[in-house]
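A structural walkthrough
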Amino acid sequence: MKVKVNDAELELKAGTSAIDAIFAAGYDVPYFCSQEYMSPIGACRMCLAKIGAPRKDRDSGEWIIDEQTGEPKIFFFPNLMASCTTAIMEGMVIDTLSKEVKDAQNGMIEFTLVNHPLDCPTCDKGGACELQDRAYEYGAGQSRFVFDKRHQEKHHALSELITLDRERCIHCKRCVRYFEEIPGDEVLDFIERGVHSYIGTLEDGLPSNFTGNITDFCPVGALLDSTSRFRGRNWEYDHTRSSCLDCAVGCAITIDARTGRIERIKAARNTQVNNDWICDGGRFGHEYVDADERLKTPLIRRDGKLTPSTWEEAAAFINDKLADLGAKETGIILRADATLEEGVAAKALAAQLETGQLDHFPRLAASVIPQGVRATLNDVATSDAILVLGDVSEEAPIVDLRIKEALKGVTPPELMPHGVPLADLRLKERMPRQREILTVASPYRCDLMKHAGSTLTYPAGTEVELLASLLQAANGEGEISEEAAMRLGSSPEQLNDLLKRLSGAKNPVIIYGAFVLAASEASNAVQALAKAVGAKLLAIGPMANSYGLEALAVLPSHARYSVQEMLRGSAKALIVSGLDVAKDAEAAKALKELELLVVHDSFANATTELAHVVLPAKTAYEKEGTVVNLEGRYLPLKPAPVENGQSEDFCGLVKFLGETMGTRLEGRSVRSARRLLKKRLQLDLSELSEEGYLSPAKAKAASKFKLKESYELEGNLLLTPSMIRHEQLSRNAHLHAVYGDAALRLNPADAVAQDLNDGDVVAFELQGIERQAVIKRSEAVPVGLMLLPALPEQPAALLWLEPTKLIKAAVAEVLA
Amino acid sequence: MSVLDIAKGMGVTLGHLFKKPVTVRYPDEPVDIKPRFRGRHHLLRHPSGLEKCIGCSLCAAACPAYAIYVEAAENDPNDPTSPGERYAKIYEINMLRCIFCGMCEEACPTGAIVLGHEFELADFRYPDFVYGKEDMLVGTKGSKWQRREAQAKNEDVKLGFKAGPRPELEGVDY
Ligand code: SF4
Ligand code: SF4
Ligand code: SF4
Ligand code: SF4
Ligand code: FES
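Residues numbered from 1 in each chain as written. Chains lettered and ligands numbered in written order. Predicted model: local features only at pLDDT ≥ 70, side-chain atom pairs only at ≥ 80, totals over all residues. Heavy atoms only, no water.

Regarding the site of ligand 3
- In the region of ligand 3, 13 residues are neighbours, and B:C63, B:C98, B:C101, B:G102 and B:C104 sit closest.
- In the shell around ligand 3, the residues fall into eleven nonpolar, two polar and no charged. (Near = heavy atom within 4 Å. Nonpolar A, V, L, I, M, F, W, Y, C, P; charged D, E, K, R; others polar.)

This is the structure:
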């Protein structure tokens with residue numbers, strides 16, 4: 001369609017909003033309520049423009065012609081129009097520059113400011129506030145209203161993480177719409193009417209895992225991040241765009257640091273990955289970085305005590321020991337969120353030491369790179385049949401949001417010259433959702449089930465059976481029997497429906513996580529099923545770079561050299577990065593026998609207690625590097641200026657070791673690692689775009705699957721992935737206040753049987769690891785099952801735990 | 001040039017010879033300072049005793065010499081430091097960087113920071129030039145060095161100047 005904005009003529013698609021036409025033409029109107037990815041509602045009346053269009057004669061069907069000019073006559077709307085809710089028409093004329101429009105903008109700013117307090121000097125939004133900017137650009141500069149302003153509550157803690165200043169709210173409704181439209185948790189709304197209306201919740205707190213996003217887009221300082229309250233002004237922060245490493249999604253984030261501390265994390269835009277959203281775990285989970293007890297200098301054990309030292313001394317010390325030992329017996333363990341560059345460095349070091357004992361952890365039984373057609377996150381958002389296996393909302397929270405995007409049935413918006421459209425007219429408030437396209441199967445009732453058309457709670461450990469039955473039916477090798485379906489907590493109709501939906505869909509996607517990856521049979525079965533029904537696959541790896549490290553083959557040369565074996569004595573010397581492996585009592589025993597234990601970590605823990613050398617490590621926010629997310633997308637990491645003493649990443653460690661050995665190892669710096677990766681990948685990682693690079697899918701043949709007689713997947717305790725990084729929770733005060741200690745969730749019936757009450761603290765040993773948890777009764781957990789958050793050292797798995805071994809903490813103290 | 005001209009010139013010289021000298025025997029005698037002279041900063045208080053500074057960092061943003069560092073925090077509602085929610089937990093000015101331009105005073109929305117008359121800021125060590133809140137809040141007299149000196153000698157701080165009143169310097173008493 002042809003439209004004319006002031007003097008610019010442009011050709012746009014039907015359905016575009018007038019505000020987007022204005023921005024596409026390079027003009028500007030002020031706006032407060034429009035927000036990318038959300039429905040336009042025309043609440044703020046700020047985007048007024050003079051809009052007109054030609055008309056056709058009713059009888060002749062011809063354009064009505066202006067007699068003077070001989071051109072089609074433009075009929076202007078009688079009033080100025082909110083351009084965000086007006087769709088363009090053929091030949092539309094939009095005027096944003098006339099005096100009439102300017103006066104209206106002045107007037108609207110004046111109205112908005114009538115009740116807005118003069119808080120700018122103390123408001124955390126100051127300097128990055130849309131109202132400030134718009135009042136400056138479009139306002140008259142002074143107000144004629146001299147009466148008292150409205151008074152309302154000034155610091156209402158919506159939750160431990162978010163502070164609401166009700167006086168500052170300009171009623172744009174972005175936050176209200178956000179909760180309904182994006183995560184689908186309706187937790188906020190307007191209360192009262194007119195000038196008295198304010199934002200509030202029904203209950204206390206915000207029961208959602210995506211609350212922090214409202215602080216990013218609230219146009220004023222009404223909703224603010226409590227963790228960074230008064231910590232700095234917007235112009236004082238160093239903004240670093242990087243990627244979040246808290247889960248396998250790798251959302252784009254902006255790290256705001258000041259004087260060497262991370263004060264807050266905001267969501268950044270990646271239209272391919274997270275749109276504009278991040279989860280609360282990723283946003284608020286950074287406080288540990290600035291904890292006082294952070295390790296900042298290398299330590300060497302001398303006379304039984306760890307004493308401060310330098311990297312050079314530490315490297316020389318390690319080198320001496322390794323020389324005595326015959327380096328071949330050395331093992332290297334990386335955490336699975338190490339960057340690709342660190343992976344290269346580790347591989348180079350392993351090659352130099354001629355050892356095959358190299359691995360990353362957590363690493364589950366099956367490969368995180370799906371064999372078959374890989375799905376991207378945008379595939380998920382445009383899918384018309386989705387099967388989810390597991391609890392994605394906790395494992396990879398943004399996948400949960402992208403699934404909910406698909407439920408709206410609106411494809412991701414096409415980018416315009418000014419980026420994501422400001423007002424996508426296809427989106428509506430309270431849209432009907434096509435829940436029927438979503439099937440969620442999990443061993444317990446998970447959050448996403450509320451949004452699914454069909455849900456299935458199967459007994460934990462029966463993933464293989466479930467997938468095998470589906471596969472059989474899909475291949476026409478046998479009906480699903482009533483009895484088998486019952487065993488899986490389902491019915492033949494439900495499973496057949498699911499199959500029909502998947503195979504009948506244009507773009508079906510199967511999403512699976514840790515519960516499937518924990519058994520290679522289950523993973524093989526899901527890949528075979530995807531092939532049979534023509535679905536794409538999205539596998540959620542345990543950590544941010546599980547995909548990348550596996551693709552780079554940071555793997556042992558032989559199965560007998562896996563992490564588990566290294567921790568059971570296959571290595572004589574060990575270099576461990578980022579994992580508290582000594583949590584496991586049996587591993588700790590083996591570690592004590594080691595000739596040399598080098599620990600590369602940011603905090604002291606049980607493993608550093610045993611270490612001969614402790615080297616300070618950079619956290620995810622301080623590294624430069626690249627990770628590969630669950631879709632196979634290379635994403636850049638940029639270092640934020642954090643005061644971290646002498647911390648180094650693994651590349652730094654390899655550099656110092658290499659120097660003492662007298663060689664220049666590949667991966668001794670990020671640059672050197674990238675040189676090697678460039679040869680390997682034909683991709684220059686230093687020039688990676690902000691949105692990353694999707695590695696070309698190698699459509700490998702799906703692996704063969706044959707149902708064996710029996711699988712030993714049994715247990716009564718399921719370690720579940722969680723959005724919160726429990727290992728750092730004690731150092732994340734704000735998150736801790738909201739989410740509390742790790743919980744052991746179990747069915748009320750079981751709790752009664754065990755005489756356990758909500759809030760009881762229990763201590764127990766789980767496969768050698770001492771765990772403590774708070775009892776939480778929950779109907780979401782089936783009888784006979786317990787749920788406990790996984791740790792990096794104890795990834796998702798199904799285990800046995802005698803309920804009698806649950807010792808209430810008070811009793812445990814007495815026993816001790 | 002004629003003899004007359006020389007005589008005229010000498011006349012001027014002679015005239016000055018018998019005038020009262022303008023030289024001040026500083027530091028034994030105080031110098032007279034004009035009311036708008038810009039010297040060391042004062043952080044002022046409201047008559048209620050609360051600090052005027054609300055920790056907004058606007059002075060730091062305006063400072064052309066990057067001499068100011070402010071770190072704010074939330075007031076304890078039961079025992080507030082300043083009116084409102086926010087106060088300056090740390091407020092520092094590096095007097096070595098400061099060029100006494102007065103921009104900070106201009107930027108301050110509450111009139112909390114005002115350049116006073118003290119100019120005797122010489123000191124020995126670099127860190128001693130960083131003035132914190134306790135060095136600038138009203139009631140503190142003299143530079144860090146002057147106060148150290150006075151304490152060592154068990155005397156009052158002696159300022160080397162006299163100044164006329166300036167209304168912006170509310171509560172400052174030289
Ligand atoms: S709190 Fe902020 S986002 Fe919500 S309606 Fe008010 S101004 Fe808009
Ligand atoms: S979804 Fe994952 S990557 Fe995104 S913010 Fe949360 S933890 Fe970080
Ligand atoms: S007087 Fe000028 S240079 Fe000195 S602190 Fe104030 S703004 Fe900065
Ligand atoms: S002195 Fe004034 S400008 Fe500076 S932080 Fe305090 S209130 Fe703000
Ligand atoms: S009415 Fe608010 S942006 Fe259009």
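Let's pick the thread back up.
Focus on the nonpolar core
- One finds A:L349 and A:I511 to be the most contacted residues of the largest nonpolar core, which totals 182 residues.
- Discounting chain neighbours no more than four positions away, the residues touching A:I511 are A:V380, A:I386, A:L387, A:V388, A:L389, A:V392, A:V399, A:I403, A:L538 and A:I540. (Core = buried A, V, L, I, M, F, W, Y, C linked by side-chain atoms within 4.5 Å. Buried < 20%, exposed > 50% of the residue type's maximum accessible area, 1.4 Å probe, protein only. Contact = heavy atoms within 4.5 Å.)

Topic: the interface of chain B and chain A
- Listed per partner, the contact involves 15 residues of chain B and 15 residues of chain A.
- For the chain B and chain A pair, buried surface summed over both sides reaches about 1300 Å², with 51% attributable to carbon and sulfur atoms.
- When the buried area of chain B at its contact with chain A is split by residue, B:E74, B:E85 and B:R86 rank highest and sum to 47% of it.
- At the boundary of chain B with chain A, the tally comes to five salt bridges.
- Between B:E85 and A:R229 there is a salt bridge; the shortest N-O distance is 2.7 Å.
- Linking chain B with chain A are ten residue pairs in polar contact (both at pLDDT 80 or more).
- Those elements that place two or more of their residues in the side of chain B that touches chain A are α2 (58-62), β3 (68-74) and β4 (86-94) of chain B. (Buried area = accessible area lost by both parts, 1.4 Å probe. Salt bridge = Lys/Arg side-chain N within 4 Å of Asp/Glu carboxyl O. Polar contact = N/O pair within 3.5 Å; in protein donor to acceptor, adjacent residues only side chain to side chain. Helix = DSSP H or I, 4+ residues; strand = E, 2+ residues; numbered from the N terminus.)

Concerning the layout of surface pockets
Residues and elements named next belong to chain A.
- Here the largest pocket is characterised by a volume of approximately 1200 Å³.
- Contributing to the lining of the largest pocket are 41 residues, with N209, E394, Y739, R745 and K776 lying nearest its centre.
- Residue assignment for the lining of the largest pocket shows that the elements contributing at least two residues are α23 (733-739), β31 (743-746), β33 (769-777) and β34 (786-789).
- Split by residue class, the lining of the largest pocket holds 19 nonpolar, twelve polar and ten charged. (1 Å grid on protein atoms, 1.4 Å probe; cavity = no way out; pocket = protein on both sides within 12 Å on 5 of 7 lines; lining within 4 Å. Points joined across faces, edges and corners; volume = space filled by probe spheres on them.)

Side note on the site of ligand 4
- The environment of ligand 4 is formed by 13 residues, the closest being B:C53, B:C56, B:S57, B:C59 and B:C108.
- For the shell around ligand 4, the class distribution of residues is ten nonpolar, three polar and no charged.

Re the pattern of salt bridges
- One pass over the structure, following the stated rule, counts 67 salt bridges over all chains.
- Here A:R302 ties to A:E313 by a salt bridge, and the two come within 3.6 Å at their closest N and O atoms. In this pair, A:R302 is assigned in strand β15 (residues 299-302) and A:E313 in helix α7 (residues 311-325), connecting sequence segments eleven residues apart.
- A relative accessible area of 39% places A:E313 in the partly exposed class.
- Note that B:R166 is salt-bridged to B:E105, the shortest N-O span being 2.6 Å. With B:R166 in the segment after β7 (161-163) and B:E105 in helix α3 (residues 103-107), this pair connects stretches of sequence that are 61 residues apart. When sorted by exposure, B:R166 lands in the same class as B:E105, which is buried.
- It is possible to trace a salt-bridge network through shared partners that takes in A:D119, A:K154, A:D165, A:E167, A:R168, A:R229, B:E74 and B:E85.

Interpretation note: all reported values are geometric properties and have no functional meaning in isolation.
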